[in-house]
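# Close look at the chain arrangement
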Amino acid sequence: MNKIFSIFCLVGLLSVATACSDKKEHSVVGMWVLTTRTVDIPFDGNQDGVAHINLLKEIDCNKEETLTFEANGTVSSGNEFSNVLHYFKEDGTNIYKINSDCNTEGIISFASEYRINEEDTIMISNRVYVLKENTLTTTYKDAVEIYNEDATEVIETKDLKLIYSRP
């Protein structure tokens, strides 16, 4: 009877040790920095004559957004991007531009729980993030409304993709 009890205890300890050493869980723990904010079309937000699809290269507002994952299953955001962006397309052209109102007052942050799924996805507040090597990616479907030049009509929508990387 003692042997059977010992075997059950050993199996239980091995299960706990395996769960605690989950490679995916440990690979996400730590800080991640927003490195790419794309709409998949080039914008010249800073009016320097060079357009980029990574809006962080075009907007001189907050560029320090982070996600910090804890081993206890919580995630927090620091310096959340809170700037109002107005996307528009110049009439009769394929030139896209952005007007931004940089928010220099205060910081938006959040804290939440996260869950790691088997297929290398992480759920944060019903939003899917894909973990692949050293990047963490989420996409907001049709989140960017692009207006005509005089801002009276939405002429198209685009997905917004955020990519976080390890510092």
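Described below are features of the structure shown in this document. This is a predicted model, so every value here is computed, not measured.

### So, the packing of aromatic side chains
For the coordinates displayed, the defined rule picks out three aromatic pairs. Between F43 and Y87, the aromatic rings sit 5.4 Å apart at their centres with planes inclined by 65°, giving edge-to-face as the arrangement. Placement of the pair is F43 in strand β1 (residues 30–43) and Y87 in strand β5 (residues 84–89), with a sequence separation of 44 residues. Owing to a relative accessible area of 0%, F43 belongs among the buried residues under this scheme. Among the aromatic side chains, those forming a connected cluster through ring pairs are F43, Y87 and Y96. Just above the ring of Y140 sits the side chain of R127; from NZ or CZ to the centre is 3.6 Å.

### A look at the pattern of salt bridges
Scanning all chains against the criterion turns up three salt bridges. Between E156 and K158 there is a salt bridge, with its nearest N and O atoms 3.6 Å apart.

### Digging into the environment of L136
Within the fold, L136 resides in strand β10 (residues 135–147). Note on L136: relative accessible area 0%, which makes it buried. Spatially, the C-alpha atom of L136 lies 8.2 Å from that of L162, the residues being 26 residues apart in sequence. The contact partners of L136, leaving out residues within four places of it in the chain, are W32, L67, F69, I122, Y129, V130, L131, L162, I163 and Y164.

Reading guide: rules and limits
Residues numbered from 1 in each chain as written. Predicted model: local features only at pLDDT ≥ 70, side-chain atom pairs only at ≥ 80, totals over all residues. Heavy atoms only, no water. Phe/Tyr/Trp six-rings, centres within 6.5 Å; stacked < 30°, edge-to-face > 60°. Helix = DSSP H or I, 4+ residues; strand = E, 2+ residues; numbered from the N terminus. Buried < 20%, exposed > 50% of the residue type's maximum accessible area, 1.4 Å probe, protein only. Lys NZ or Arg CZ within 6 Å of the ring centre and 35° of its normal. Salt bridge = Lys/Arg side-chain N within 4 Å of Asp/Glu carboxyl O. Contact = heavy atoms within 4.5 Å.

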